[in-house]
Amino acid sequence: MSAGAAPTAFDIVALRTARAGKRFGSFCHYFETTDSTNTAAQQLGREGAPEGAVVVADAQTQGRGRLGRSWSSPPFRNLYLSILLRPSIALAQAPQIALVVGAATTEAIREWIPRATLKWPNDVLIDGRKVSGTLTELEAAGDAIAFVVAGIGVNLNIGDDEFPAELRDKAVGLSTLTGTEIDRVSFADALLGRLESLYDMFLTAGFSTLRPRWEALSGLRGRRLEIDDGRQRYTGQALGLGDDGTLRLRLDDGREQTIVAGDVTVVDGYATGR
Ligand code: BT5
């Protein structure tokens, strides 16, 4: 969309039509504005909505990232989408869903820009700039999973000058790179299709089956990384992912460290994305 053009609302009816008969997205809610599509999808989860129910908003007033960070969500340009999942897996496996979501999002973005890469755990970068972030949140019932909400934000038609100043050199919209407006419904349809198929593969065969695919999307193996897990900083060489989705790092002193959560900076490569 060029600056100044009349804003066009997300065509939720077209998305429902595209997803008719599929498990992910045939049941879609739309908000012109909401605080966070993840919050709206969590509400649906508590009300008993089925797996695959989707919430899309044209703008978020409190779009959120991890660790209390925010997700810039200006109106009508981008995709802010959350999906309700009800996986019958152990609570301990739930963090792997975030990796499945990141892989599916990267694969969808690659349909438009094949050089997009996945940065552990949840960012999609193009030329070092962040085009997408995902936030997967779990609601537990005792020691079982009640439901999971996967929230996906993708910068689609936002121009460089529409980002807040602090994001301008760190973030990018897909249309800036393709040179043409991205059809938001087509993108959402591609994303939900990828997610449905990777999620099913994950449920039937486990994360270890998806691990090579994840690693190929990330190109992280062998790179020199700096990781901040909130308590400590680690520097070393990425060995890849464990079968459980944790990141394996060869520290400079030769020891191997497993990282469960944290922020990654690639020291010899692309930018941090945050
Ligand atoms: C994320 O967190 O990247 C997860 C973002 C998830 C957003 C989706 S939108 C639909 C759903 N509803 C929600 O409320 N959330 C989800 P994190 O890894 O913590 O990165 C956050 C950081 O990314 C911020 O601190 C900024 O530096 C940067 N950032 C914020 N908005 C951005 C944007 N639009 N594009 C690129 N980078 C952004």
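Report on the accompanying structure. (Residues numbered from 1 in each chain as written. Predicted model: local features only at pLDDT ≥ 70, side-chain atom pairs only at ≥ 80, totals over all residues. Heavy atoms only, no water.)

**Some points on the packing of helix H1 (residues 12-19) against helix H5 (residues 184-205)**
1) Next: Two elements in contact, H1 and H5, have axes separated by 9 Å at closest approach and are oriented at 35°. Crossing hand, H1 versus H5: right-handed. Touching Ala 14, Leu 15, Ala 18 and Arg 19 of H1 are Val 185, Ala 188, Asp 189, Leu 192, Gly 193 and Glu 196, all from H5.
2) Next: Taken together, the residues that form the contact of H1 with H5 break down as six nonpolar, one polar and three charged. (Axes fitted to C-alpha atoms, helices over the stretch in contact; angles between N-to-C directions. Helix = DSSP H or I, 4+ residues; strand = E, 2+ residues; numbered from the N terminus. Left-handed = near helix turned anticlockwise from the far one by under 90°. Contact = heavy atoms within 4.5 Å. Nonpolar A, V, L, I, M, F, W, Y, C, P; charged D, E, K, R; others polar.)

**Some thoughts on the nonpolar core**
1) Next: Ranked by size, the top nonpolar core spans 62 residues in total, and within it Leu 79 and Phe 187 carry the most contacts.
2) Next: Among the domains, domain 1 (12-218) and domain 2 (224-266) are the pair contributing at least three residues each to this core.
3) Next: Beyond its immediate stretch of four places on either side in the chain, Phe 187 contacts Leu 79, Ala 108, Ile 109, Trp 112, Val 154, Leu 156, Leu 174 and Ile 182.
4) Next: Within the second largest apolar cluster, nine residues are counted, among which are Ala 40, Ala 41, Leu 44 and Ala 53. (Core = buried A, V, L, I, M, F, W, Y, C linked by side-chain atoms within 4.5 Å. Buried < 20%, exposed > 50% of the residue type's maximum accessible area, 1.4 Å probe, protein only. Domains from an automatic or database assignment.)

**So, the packing of aromatic side chains**
1) Next: Scanning the model with the defined rule gives two aromatic pairs in all.
2) Next: Taking 5.5 Å as the distance between ring centres and 45° as the angle between the ring planes, the aromatic pair formed by Phe 24 and Tyr 199 counts as tilted. Taken as a pair, Phe 24 in the loop between H1 and strand E1 (28-34) and Tyr 199 in helix H5 lie far apart in primary sequence, 175 residues in all. For the pair formed by Phe 24 and Tyr 199, the shared burial category is buried.
3) Next: Centroid distance Trp 112 to Phe 187: 5.2 Å. Interplanar angle 50°. Geometry classified as tilted. Placement of the pair is Trp 112 in the loop between helix H3 (95-110) and strand E4 (117-119) and Phe 187 in helix H5, with a sequence separation of 75 residues.
4) Next: The exposure class of Trp 112 is partly exposed, given its relative accessible area of 26%. (Phe/Tyr/Trp six-rings, centres within 6.5 Å; stacked < 30°, edge-to-face > 60°.)

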